[in-house]
Amino acid sequence: MTEIRLGTIGSGVIARSVLDGVKETDGISLAAVYSRTEERAKSLADEYGADVIYTDMDRFFADTDVNCVYIATPNLLHYEQTKKALEAGKHVLCEKPFCTRADQAEELFNLAESKGLFLYEAVPTSFLPNYKILKRELSKIGRVRLVMSNYSQYSSRYDKLIAGELPNIFNPKYAGGCLMDINIYNIYLNIALFGAPDAAVYHPNRYQTAEGVIDVSGVVTMQYPDFISFCAGAKDTWGENFFQIEGENGYIYIKGGGNGLREIRTVTKTSDRTLNEQSNPSRWYYEIQDFTKLLLSENRDAFRERRRVTLDTIRCIETVRKAAGIYFPGDL
């Protein structure tokens, strides 16, 4: 492949952030936009220079000029739309959370492999330059004994929820909730760095909706052989966001939390230094830059490593949310 000709499904804030990155990246361009309404599709296409718009999804997937699809729709639609894209012979970048169930994710990755296609979950973390710094710095703090993280982001849609509305982001029908939207970043970074935990449990603050119980905040405790990781996330509060890894010889503090890795501070008995190789404030810029490079070079090793992290993250989240009594349509 010499160029990525991208088709996009979804037109929200995150989709626009990703497309901002596309505009700044060589080797990738927006070729087509799908939306249920022509007005929304045309607006996005005009803003980002797409040649074609679609309001029929089958026609969108049949477009032979599109060789990669970016999916940024409500969570519960990811599985079906990703499967259709792969069956149509397209590479896929799908927003997090990739799927709600591990069996779905395994099916999709196997389908991609069988067709020689690449399938990535759009979690910026492991695409960031500071992620490489973080992995390198880990050896400096010795044996890890404790990990603590917080990602709290008060949602304006929480106000709508308590006013009696049911936005998609809090709707069990669309696999919403804090764990899927916010705390996934903490869990993903733990698994990317340390692998799958031996055990995990979720203690959520629940909210009863007309469609079922949803979580608006909570804490996941992940048990590893040598340490415990506490992952807090909230959409009904706000606070100082961070990710801290404590070892026997020092600690690493990540400013702003695990989703953006804004700076990496390593403190030991003999040194205290802060590193940052991300001059661009947009984490999606780096995500698209690295994704484009990996896809054009057909880097199978990077694909398989991210596949491992995605699958282990989905398994962990599926296990803890079901144990906490949070279910979505299609759950077994």
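Residues numbered from 1 in each chain as written. Predicted model: local features only at pLDDT ≥ 70, side-chain atom pairs only at ≥ 80, totals over all residues. Heavy atoms only, no water.

Chemist: Any chance you could break down the side chain of Asn241 for me, citing the residues and the numbers?
Modeler: Relative to the helices and strands, Asn241 is located in the loop between strand S10 (228-234) and strand S11 (242-247). Within the structure, the side chain of Asn241 is placed 2.7 Å from the backbone nitrogen of Ser152, a separation counted as a polar contact. In contact with Asn241, other than residues within four places in its own chain, are Asn150, Tyr151, Ser152, Tyr253, Lys255, Gly256 and Gly257. (Helix = DSSP H or I, 4+ residues; strand = E, 2+ residues; numbered from the N terminus. Polar contact = N/O pair within 3.5 Å; in protein donor to acceptor, adjacent residues only side chain to side chain. Contact = heavy atoms within 4.5 Å.)

Chemist: So, the sheet that holds strand S6 (residues 119-122): which residues are in play, and what are the values?
Modeler: A sheet is described by the order of its strands in space; here 6 strands give the open sequence S3-S2-S1-S4-S5-S6, paired in parallel fashion. What marks the edges here is a single partner per strand, and that holds for strand S3 (52-54) and S6. Neighbour-to-neighbour, the strand axes of the sheet open up by a mean angle of 25 degrees, direction not taken into account. Pairing between strand S1 (residues 4-9) and strand S2 (residues 28-34): 6 bridges, direction parallel. The residue bridging Thr8 from the neighbouring strand is Val33, located in S2. Sheet strands touched by helix H9 (residues 283-297): S1, S2, strand S4 (68-71), strand S5 (91-95) and S6. Its angle to S1, the strand with the most contacts, is close to 130 degrees. (Pairing = 2+ DSSP bridges. Axes fitted to C-alpha atoms, helices over the stretch in contact; angles between N-to-C directions.)

Chemist: Describe the packing of helix H5 (residues 102-114) against helix H10 (residues 300-323), and please don't skip the residues or the numbers.
Modeler: For the pair H5 and H10, interaxial distance at closest approach is 9 Å and the crossing angle is 165 degrees. In this view, H5 runs roughly antiparallel relative to H10, as classed from their interaxial angle. In terms of crossing hand, the pair formed by H5 and H10 is right-handed. Contact residues: Ala102, Ala105, Glu106, Phe109, Asn110 and Glu113 in H5; Arg300, Phe303, Arg304, Arg307, Thr310, Leu311, Ile314, Arg315 and Glu318 in H10. For the contact of H5 with H10, the per-class residue count stands at 6 nonpolar, 2 polar and 7 charged. (Parallel < 35°, antiparallel > 145°, perpendicular 65-115°, else oblique. Left-handed = near helix turned anticlockwise from the far one by under 90°. Nonpolar A, V, L, I, M, F, W, Y, C, P; charged D, E, K, R; others polar.)

Chemist: Provide a residue-level description of H5, including the pertinent values.
Modeler: Here H5 contains 13 residues, and its C-alpha end-to-end distance of 18 Å stays within 8% of the 18 Å for a straight helix at 1.5 Å per residue. Restricting attention to buried positions, one finds in H5 the residues Ala102, Gln104, Ala105, Leu108, Phe109, Leu111 and Ala112. Of the surrounding secondary structure, the elements contacted by the buried residues of H5 are helix H4 (78-87), S6 and H10. At the C-terminal side of H5, Gly116 shows a positive phi close to 70 degrees. (Expected span 1.5 Å × (residues − 1). Buried < 20%, exposed > 50% of the residue type's maximum accessible area, 1.4 Å probe, protein only.)

Chemist: Help me get a handle on the state of the cysteines, residues and values and all.
Modeler: Across all of its chains, the model carries 0 disulfides by this definition. Looking at Cys94, it has no disulfide partner, and the nearest cysteine sulfur is the one in Cys99, 6.6 Å off. Look at Cys94 and you get buried, because its relative accessible area is 0%. (Disulfide = S-S within 2.5 Å.)

Chemist: So what's going on with the nonpolar core? Residues and values would help.
Modeler: Membership of the largest hydrophobic core comes to 56 residues, with the highest contact counts inside it found for Phe98 and Leu119. Residue contacts for Leu119: discarding those within four places in its chain leaves Thr82, Leu86, Val92, Phe98, Leu108, Phe109, Ala112 and Phe303. (Core = buried A, V, L, I, M, F, W, Y, C linked by side-chain atoms within 4.5 Å.)

Chemist: Mind laying out the packing of helix H1 (residues 13-23) against helix H2 (residues 38-48), listing which residues take part and the relevant values?
Modeler: The packing of two helices is summarised by the inter-axis angle and the distance between the axes. Taken N-terminus to C-terminus, the directions of H1 and H2 make an angle of 30 degrees; their axes are 11 Å apart at the nearest point. When the axis of H1 is compared with that of H2, the two are roughly parallel. By crossing handedness, the relation of H1 to H2 is classed as right-handed. Between H1, through Arg16, Leu19, Asp20 and Lys23, and H2, the contact on the second element is made entirely by Ser43, Leu44, Glu47 and Tyr48.

Chemist: Hey, could you go over the side chain of Ser229 for me, with residue numbers and the actual values?
Modeler: Inspection of the secondary structure puts Ser229 in strand S10. Here the side chain of Ser229 touches Asn190 through a polar contact of 2.8 Å, side chain to side chain. Beyond its immediate sequence surroundings of up to four residues, Ser229 is in contact with Val147, Asn190, Val220, Thr221 and Met222.

Chemist: Before we move on, could you go through the pairing of strand S13 (residues 263-268) and cite the residues and values that matter?
Modeler: For a regular strand, side chains alternate in direction, first toward one face of the sheet and then toward the other. Judged from the 6 bridges that link them, strand S12 (residues 250-255) and S13 form a sheet pairing that is antiparallel. Bridge pairing links Ile252 to Thr266 in S13. Alignment of S13 against strand S14 (residues 272-275), held across 4 bridges, turns out to be antiparallel. By the bridge assignment, Val267 is partnered in S14 with Asp272. Counting the residues in the hairpin turn of S13 and S14 gives 3 residues.

Keep in mind that these numbers describe shape and distance, not what the molecule does.
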